[in-house]
Amino acid sequence: QTSPEADLVQALLAEMVDAGQTHVAMEATSHGLALHRLDYCDFDIAVFTGLSDDHLDFHGTREAYLDAKLDLFLALGERGAGVVFADEPQLDAITAASRAPLSRVSFENSGADVSLSDVQLSATGSTFRVATPAGAYGTQIQLPGRFNLRNALSAAGAAYVLGCPITAIADGLRSVAGVPGRM
């Protein structure tokens, strides 16, 4: 899947504003960024979830794929914030592209802004401790797999950047039940 066409994205955002919504979390796909479907969207936070070979059929090269993802960080300007894994192989490129400050997230890295430790994976979910400089709190997600844990850590990083307290971050992760039809 990719981001909807620009007119639909803008119409959906306008509908949300009319309904009183103040925040929206959305996936900004590399396809959507490259095809300008997300132009004029005012992002406050960009999260880099990784780079793989999945979309080389569209982008042609890893460099073009990375450039599309970096467009999101370039669009932040100085007023936004980025979230990236501390051990991300593309960290130098993201740091160079972003004028916004970057928060780092990590597994078992006490130097990161948000980290997970004491991780216990199971077929039905994971338990762990989530930590920020303000403290640590035990929690869980009800989704299996390390990739879901990685996404949870990314979301925790975005919540941290928004100023959410550690207890709210942990409670928010605990409340995630998944999306029907998706793992």
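Summary of the structure given here. (Residues numbered from 1 in each chain as written. Predicted model: local features only at pLDDT ≥ 70, side-chain atom pairs only at ≥ 80, totals over all residues. Heavy atoms only, no water.)

**Here we look at the overall build of the protein**
And step 1. For the protein, the helix and strand inventory stands at seven helices and six strands.
And step 2. Going residue by residue from the N terminus, the α and β elements of the protein occur as α-α-β-α-α-β-α-β-β-β-β-α-α.
And step 3. Computed over C-alpha atoms, the radius of gyration of the protein comes to 17 Å, within 12% of the 16 Å expected from 2.2 N^0.38 for 183 residues, which places it in the range of a compact globule.
And step 4. Across its three principal directions, the C-alpha atoms of the protein cover 40 × 40 × 35 Å.
And step 5. The 183 residues of the protein split such that 39% are buried.
And step 6. Sequence-distant contacts in the protein: of pairs separated by 6 or more residues, those separated by 24 or more amount to 51%.
And step 7. Total accessible area on the protein stands at roughly 10300 Å², and carbon and sulfur atoms take up 53% of it. (Helix = DSSP H or I, 4+ residues; strand = E, 2+ residues; numbered from the N terminus. Rg over C-alpha atoms; globule rule 2.2 N^0.38 Å. Buried < 20%, exposed > 50% of the residue type's maximum accessible area, 1.4 Å probe, protein only. Contact = heavy atoms within 4.5 Å. Areas by Shrake-Rupley, 256 points an atom, 1.4 Å probe, with all protein chains shown as cover.)

**Points about the packing of aromatic side chains**
And step 1. Counting across every chain of the model gives two aromatic pairs.
And step 2. Judged by centre distance (6.3 Å) and plane angle (50°), the rings of Phe48 and Phe73 are tilted. One end of the pair, Phe48, is in the loop between β1 (45-47) and α3 (56-59); the other, Phe73, is in helix α4 (residues 62-76), with 25 residues separating them in the sequence. Like Phe48, the residue Phe73 is buried in the burial classification.
And step 3. Considering the side-chain rings of Phe85 and Phe107, the 6.2 Å spacing of their centres and the 25° angle between planes classify their relative orientation as stacked. Of this pair, Phe85 sits in strand β2 (residues 81-85) while Phe107 is found in strand β3 (residues 102-107), placing the two residues 22 residues apart along the sequence. For the pair shown, Phe85 and Phe107 are each scored as buried.
And step 4. Sitting above the plane of the Phe107 ring, Arg146 keeps its charged end 4.0 Å from the centroid.
And step 5. Directly above the aromatic system of Phe85 lies the positively charged group of Arg150, at a separation of 3.7 Å from the ring centroid. (Phe/Tyr/Trp six-rings, centres within 6.5 Å; stacked < 30°, edge-to-face > 60°. Lys NZ or Arg CZ within 6 Å of the ring centre and 35° of its normal.)

**Things to note about the pattern of salt bridges**
And step 1. What the rule picks out here adds up to six salt bridges.
And step 2. A salt bridge links Asp44 to Arg79; the nearest nitrogen and oxygen atoms lie 3.3 Å apart. In this pair, Asp44 sits in the loop between α2 (30-34) and β1 while Arg79 sits in the loop between α4 and β2, placing the two residues 35 residues apart along the sequence.
And step 3. Overall, Asp44 belongs to the partly exposed group, its relative accessible area being 48%.
And step 4. Note on Arg79: relative accessible area 46%, which makes it partly exposed.
And step 5. Asp53 serves as the salt-bridge partner of Arg62, at 2.5 Å between the closest nitrogen and oxygen.
And step 6. Taking the relative accessible area as the measure of exposure, Arg62 reaches 32% and is therefore partly exposed. (Salt bridge = Lys/Arg side-chain N within 4 Å of Asp/Glu carboxyl O.)

**Quick look at the pairing of β3**
And step 1. Counting buried residues along β3, five of its six residues qualify, which places the element largely inside the surrounding structure.
And step 2. Note: β2 against β3, four bridges, orientation parallel. By the bridge assignment for β3, Val84 is matched with Arg104.
And step 3. For the crossover that starts at β2, traverses helix α5 (residues 91-97) and ends in the parallel β3, the hand is right-handed.
And step 4. As judged from the three bridges shared by β3 and strand β4 (residues 114-122), these two strands associate in the parallel manner. Note on β4: the bridge partner recorded for Phe107 is Leu116. (Pairing = 2+ DSSP bridges. Right-handed = clockwise from strand over helix to strand, strands pointing away.)

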